[in-house]
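# Observations on chain architecture
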Amino acid sequence: MSVTQINTAKVSVIQDFKEITKMRLALSVVFSSVAGYLLGVEVISWSTLLLLTVGGYCMVGASNAFNQIIERDLDKLMDRTKDRPIPSGRMSVNTAFIIAAIFTIIGITVLYTINPKTAMFGAISIFIYVSLYTPLKTKTPLSVFVGAIPGAIPFMLGWVAATNDFGIEPGTLFMVQFFWQFPHFWAIGWFLYDDYKKGGFFMLPTGKKDKGTAVQVLIYTIWTVVTSLIPVFGVTGDLYLTPVSGVILLILGAVLLRSAIRLYKIRDAKTAKQLMLMSVLYITLLQVIYVADKFIRVWI
């Protein structure tokens with residue numbers, strides 16, 4: 001084998017590893033966990049932050065690998081997933097299972113070294129995602145509700161890692177990201193409706209790209225914005241936002257709501273994709289604003 005062929009093989013292995021663990025998704029989850037940690041911590045421990053990053057990535061990577069093992073036959077039917085490592089034949093089920101198992105063990109162990117509660121919530125997340133959400137995707141639109149639970153855990157997981165406590169503060173962080181899941185994933189389910197249909201996935205609340213689904217997207221977008229502003233009123237313990245940050249979040253929420261209203265009015269794939277992109281921007285900036293608000297208050 002030539003040097004070029006060896007290098008190509010290495011690149012292929014790395015690429016398949018990134019795909020089986022869904023690296024971009026995993027990194028976004030890690031970002032949420034880090035944001036939650038920074039919100040909860042009094043003095044930053046870089047070693048704990050590193051453990052949270054590694055453990056968080058492993059847990060998400062394991063969930064994604066198990067998911068792709070279970071859905072391998074369905075992934076062959078959809079354009080967006082047919083070239084994944086398992087359905088394409090580049091990776092065996094056994095290899096994927098070994099990766100998933102090792103990542104699960106490493107993830108739980110690493111999170112446990114932070115504190116037992118963090119490991120517990122990490123384990124709950126992977127269990128719900130793999131054992132409940134994944135099989136329900138082909139059974140009922142309620143799968144999105146179930147999937148929103150592990151999807152909302154990372155933000156609060158960081159706070160628990162920082163404080164070894166679960167109270168109103170991480171509960172609020174959980175609630176913010178929980179409600180956000182619905183407009184985000186329903187938007188994805190809308191513009192990928194035809195591809196999801198090939199795999200038999202039920203992602204939209206009414207099962208159709210209709211007014212009923214658009215109304216629910218609108219309602220949950222409003223809930224997302226309202227929930228995000230609760231810390232401004234000083235009722236969430238140590239989790240607090242200044243009125244200035246509240247106004248910024250309100251403006252950001254208005255932009256998100258405008259995208260949801262556009263979907264309600266136009267109801268096409270393009271506006272659904274725009275809503276999805278806006279939702280990603282919203283949750284990312286929200287977490288940045290939450291963290292920035294805290295540290296600016298500390299420095300002032």
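What counts and what doesn't
- Residues numbered from 1 in each chain as written.
- Predicted model: local features only at pLDDT ≥ 70, side-chain atom pairs only at ≥ 80, totals over all residues.
- Heavy atoms only, no water.
- pLDDT = per-residue confidence, 0-100.
- Contact = heavy atoms within 4.5 Å.
- Helix = DSSP H or I, 4+ residues; strand = E, 2+ residues; numbered from the N terminus.
- Expected span 1.5 Å × (residues − 1).
- Buried < 20%, exposed > 50% of the residue type's maximum accessible area, 1.4 Å probe, protein only.
- Salt bridge = Lys/Arg side-chain N within 4 Å of Asp/Glu carboxyl O.
- 1 Å grid on protein atoms, 1.4 Å probe; cavity = no way out; pocket = protein on both sides within 12 Å on 5 of 7 lines; lining within 4 Å.
- Points joined across faces, edges and corners; volume = space filled by probe spheres on them.
- Nonpolar A, V, L, I, M, F, W, Y, C, P; charged D, E, K, R; others polar.
- Axes fitted to C-alpha atoms, helices over the stretch in contact; angles between N-to-C directions.
- Parallel < 35°, antiparallel > 145°, perpendicular 65-115°, else oblique.
- Left-handed = near helix turned anticlockwise from the far one by under 90°.

## Some thoughts on the confidence of the model for the chain
Confidence along the chain averages 93 in pLDDT terms, with 96% of residues attaining 70 or more. Throughout residues 3-7 the model reports pLDDT below 50, and contacts reaching past four residues in sequence, or to other chains, amount to one contact.

## Focus on helix 3 (residues 46-70)
In this model, helix 3 (25 residues) spans 36 Å end to end at C-alpha, consistent with the 36 Å of a helix rising 1.5 Å per residue. With 18 of its 25 residues buried, helix 3 lies for the most part within the structure.

## Regarding unusual backbone geometry
The backbone phi angle of asparagine 164 is positive, close to 55°, even though this residue is not glycine. Here asparagine 164 lies in the loop between helix 7 (143-163) and helix 8 (168-191). Phi is positive for arginine 267, which is not a glycine, with a value near 55°. Tracing the backbone shows arginine 267 in the loop between helix 11 (243-266) and helix 12 (269-299).

## Here's the deal with the pattern of salt bridges
Scanning the entire structure with this criterion turns up nine salt bridges. A salt bridge links aspartate 75 to arginine 84; the nearest nitrogen and oxygen atoms lie 3.2 Å apart. Given a relative accessible area of 12%, arginine 84 falls into the buried group. The shortest N-O distance in the salt bridge between arginine 297 and aspartate 293 comes to 2.8 Å.

## Considerations on the layout of surface pockets
Volume-wise, the second largest pocket comes out at about 230 Å³. At four residues, helix 12 tops the list of elements feeding residues into the lining of the second largest pocket. Split into classes, the residues belonging to the lining of the second largest pocket amount to eight nonpolar, two polar and six charged.

## A look at the environment of valine 235
Along the polypeptide, valine 235 turns up in the loop between helix 10 (211-229) and helix 11. By relative accessible area, which is 52% here, valine 235 ends up exposed. Separated by 92 residues in sequence, valine 235 and serine 143 have C-alpha atoms that sit 31 Å apart. Aside from chain neighbours lying at most four places away, what touches valine 235 is Ile168 and Ile230.

## With respect to the environment of leucine 51
Position of leucine 51 among the secondary structure elements: in helix 3. Judged by relative accessible area, leucine 51 falls into the partly exposed class, the value being 30%. For the pair leucine 51 and threonine 109, spaced 58 residues apart in sequence, the C-alpha separation works out to 9.9 Å. With sequence-adjacent residues up to four places away left out, leucine 51 is seen in contact with Gly56, Val110, Leu111, Thr113 and Ile114.

## Considering the side chain of histidine 184
Note that histidine 184 resides in helix 8. Here histidine 184 falls in the buried class, since its relative accessible area comes to 8%. Beyond its immediate stretch of four places on either side in the chain, histidine 184 contacts Met276, Ser279 and Val280.

## Description of the packing of helix 8 against helix 10
The geometry of helix 8 relative to helix 10 is characterised by a closest axis approach of 8 Å and an angle of 150° between their N-to-C directions. Between helix 8 and helix 10, the angle falls in the class roughly antiparallel. Two packed elements cross with a definite hand, and for helix 8 against helix 10 that hand is left-handed. Seen from helix 8, the contacting residues are Met175, Val176, Phe179, Trp180, Phe182, Pro183, Trp186 and Trp190; seen from helix 10, they are Thr213, Ala214, Gln216, Val217, Tyr220, Thr221, Trp223, Thr224, Thr227 and Ser228. Taken together, the residues of the contact of helix 8 with helix 10 break down into 12 nonpolar, six polar and no charged.

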